Amino acid sequence: MPSSDEWTETRLYVTSRVTGELVWERSLETTMALRLGWSPDGRYLFFDDGSSNSPIWRLTADGSELRQISPDGFLLGVVRRWESYQ
């Protein structure tokens, strides 16, 4: 794993469980590894960079829509369900 001053992006990708084929991929500019969690219904992927002041992002399962849903990741410490989906 590169040091934080070398990390420039993270590549997210989803593959088919049946065929192993790539369904979609997206590169995100980030200086840290991301914490990821799927919504219980599998429709969204939520992520942040793990720092206490980073935004929380939501990405649709098909990779089509990326949206910031919270400007401050401190909520991850409050919402324990996030941790159960890592």
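The structure presented is a predicted model; accordingly, all values stated were derived computationally and were not measured.

## Section: the overall build of the chain
Alright, step 1. Check the secondary structure of the chain and you find 2 helices and 6 strands.
Alright, step 2. Each helix and strand of the chain, placed in order from N terminus to C terminus, yields the pattern β-β-β-β-β-β-α-α.
Alright, step 3. Across the 86 residues in the chain, those meeting the buried criterion constitute 29%.
Alright, step 4. Taking the contacts inside the chain whose residues are at least 6 apart along the sequence as the reference set, 25% of them involve residues at least 24 apart.

## Focus on the pairing of strand 5 (residues 56–60)
Alright, step 1. For strand 5, the buried fraction is high: 4 of the 5 residues fall into the buried class.
Alright, step 2. Relative to strand 5, strand 4 (residues 44–48) runs antiparallel, the two being bridged by 4 bridges. Bridge pairing links Leu-45 to Leu-59 in strand 5.
Alright, step 3. Of the strand pairs in this sheet, strand 5 and strand 6 (residues 66–70) are connected by 4 bridges, and their pairing is antiparallel. Within the sheet, the bridge partner assigned to Arg-58 lies in strand 6 and is Arg-67.

## Let's talk about the nonpolar core
Alright, step 1. One finds Leu-12, Val-14, Trp-24, Leu-28, Leu-45, Phe-47 and Leu-59 forming the largest nonpolar core, which totals 7 residues.
Alright, step 2. If you list the elements that add at least two residues to this core, you get strand 1 (9–15), strand 2 (22–29) and strand 4.
Alright, step 3. Setting aside its immediate chain neighbours within four residues, Val-14 contacts Glu-21, Leu-22, Val-23, Trp-24, Trp-38 and Ala-61.

## Quick look at the environment of Gln-68
Alright, step 1. Note that Gln-68 resides in strand 6.
Alright, step 2. Gln-68 sits in the partly exposed class, given a relative accessible area of 38%.
Alright, step 3. Considering only alpha carbons, one finds Gln-68 and Trp-57, 11 residues apart in sequence, at a separation of 4.3 Å.
Alright, step 4. Every residue in contact with Gln-68, bar those within four places of it in the chain, is listed here: Pro-55, Ile-56 and Trp-57.

## Remarks on the pattern of salt bridges
It is possible for side chains of opposite charge to pair when their charged atoms get near one another.
Alright, step 1. Within this structure, the stated rule accounts for 3 salt bridges.
Alright, step 2. A salt bridge links Arg-58 to Glu-65; the nearest nitrogen and oxygen atoms lie 3.9 Å apart.
Alright, step 3. We classify Glu-65 as partly exposed; its relative accessible area is 36%.

Reading the values: the criteria
Residues numbered from 1 in each chain as written. Predicted model: local features only at pLDDT ≥ 70, side-chain atom pairs only at ≥ 80, totals over all residues. Heavy atoms only, no water. Helix = DSSP H or I, 4+ residues; strand = E, 2+ residues; numbered from the N terminus. Buried < 20%, exposed > 50% of the residue type's maximum accessible area, 1.4 Å probe, protein only. Contact = heavy atoms within 4.5 Å. Pairing = 2+ DSSP bridges. Core = buried A, V, L, I, M, F, W, Y, C linked by side-chain atoms within 4.5 Å. Salt bridge = Lys/Arg side-chain N within 4 Å of Asp/Glu carboxyl O.

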